[in-house]
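So you can see what is in the structure, the chains are spelled out below.
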Amino acid sequence: MKQRIAHIALVVHDYDEAISFYTQKLRFRLIEDTKLSETKRWVLVAPEGATECCLLLAKAATDEQASRVGNQTGGRVFLFLYTDNFWRDYHQMIADGINFIRPPVQETYGIVAVFEDLYGNLWDLLEPTSGNTTTDLS
């Protein structure tokens, strides 16, 4: 049996502001933006070079969903953005106005810093240590 995670739903307030943030600030690719109804779209974004999993930007449709925007994991880091060049991406993200809430640190598994997206979800920017098979980018 072969399985994989195809998409991760990220609850957002507005499709267009989320698309703008992810494509302009994080420089993700807009993979799909299909209108499903007057209020619902199928919007997929992914980092350059990503071939497996992408984010499904899902507009909150109820008050309960809206209450989760920006805090889908109760304040823990939610998503992990791996890079092959931490400092290149870190400096570009700073220049693009990304807010880092924890500075870069060298850990045994790689160099990492925590940033937040436009809604406050926490992300790790991580360059894995060479040879670390649990975080290998190849």
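Residues numbered from 1 in each chain as written. Predicted model: local features only at pLDDT ≥ 70, side-chain atom pairs only at ≥ 80, totals over all residues. Heavy atoms only, no water.

- Going by what an unreviewed UniProt entry lists, the chain is known as VOC family protein and is assigned to Spirosoma terrae.

Observations regarding the sheet that holds strand β2 (residues 29-35)
By way of backbone hydrogen bonds, the strands of a sheet pair with one another, either parallel or antiparallel.
Point 1. Judged by pairing direction, the sheet is mixed, and its four strands sit side by side in the order β1-β4-β3-β2 without closing on themselves. The open sheet terminates on both sides in strands that have one partner only, identified here as β1 (7-12) and β2. Along the sheet, successive strands turn relative to each other by an average axial angle of 25 degrees, direction set aside.
Point 2. Note that β2 and strand β3 (residues 41-46) share six bridges and pair antiparallel. (Pairing = 2+ DSSP bridges. Helix = DSSP H or I, 4+ residues; strand = E, 2+ residues; numbered from the N terminus. Axes fitted to C-alpha atoms, helices over the stretch in contact; angles between N-to-C directions.)

Observations regarding the UniProt feature "domain: VOC" (unreviewed entry) in the chain
Point 1. Sequence positions flagged by UniProt for "domain: VOC" (unreviewed entry) are, in local numbering, residues 4-128.
Point 2. Secondary structure content for residues 4-128 is 22% helix and 43% strand, while the C-alpha to C-alpha distance between its ends is 21 Å. (UniProt positions renumbered as here; feature names shortened; annotations may be inferred.)

Side note on helix α1 (residues 15-25)
Point 1. Listing the buried residues of α1 in full gives Tyr15, Ala18, Ile19, Phe21 and Tyr22. In a view along the axis of α1, the buried residues occupy a sector of 165 degrees, so they form one face of it.
Point 2. Of the surrounding secondary structure, the elements contacted by the buried residues of α1 are β1, β2, β3, β4 (54-59), β7 (110-116) and β8 (122-128).
Point 3. The N-cap of α1, judged by a side-chain oxygen 3.0 Å from the amide nitrogen of Asp16 a few residues on, is Asp14.
Point 4. Just past α1, the residue Arg27 takes up positive phi, approximately 60 degrees. (Buried < 20%, exposed > 50% of the residue type's maximum accessible area, 1.4 Å probe, protein only. Arc of directions from axis to C-beta. Contact = heavy atoms within 4.5 Å. Polar contact = N/O pair within 3.5 Å; in protein donor to acceptor, adjacent residues only side chain to side chain.)

Some points on the packing of aromatic side chains
Point 1. Counted by the stated rule, this structure contains ten aromatic pairs.
Point 2. Ring plane angle 70 degrees and centroid distance 6.1 Å describe the contact between Phe28 and Trp123, whose orientation is recorded as edge-to-face. Pair noted here: Phe28 is in the loop between α1 and β2 and Trp123 is in strand β8, with a separation of 95 residues, a long-range link.
Point 3. Pairing Phe86 with Tyr90 gives two aromatic rings, centres 5.5 Å apart and planes at 15 degrees, and the pair type is stacked. Taken as a pair, Phe86 and Tyr90 lie in helix α3 (residues 86-95) at a separation of four residues, close to a single helical turn. (Phe/Tyr/Trp six-rings, centres within 6.5 Å; stacked < 30°, edge-to-face > 60°.)

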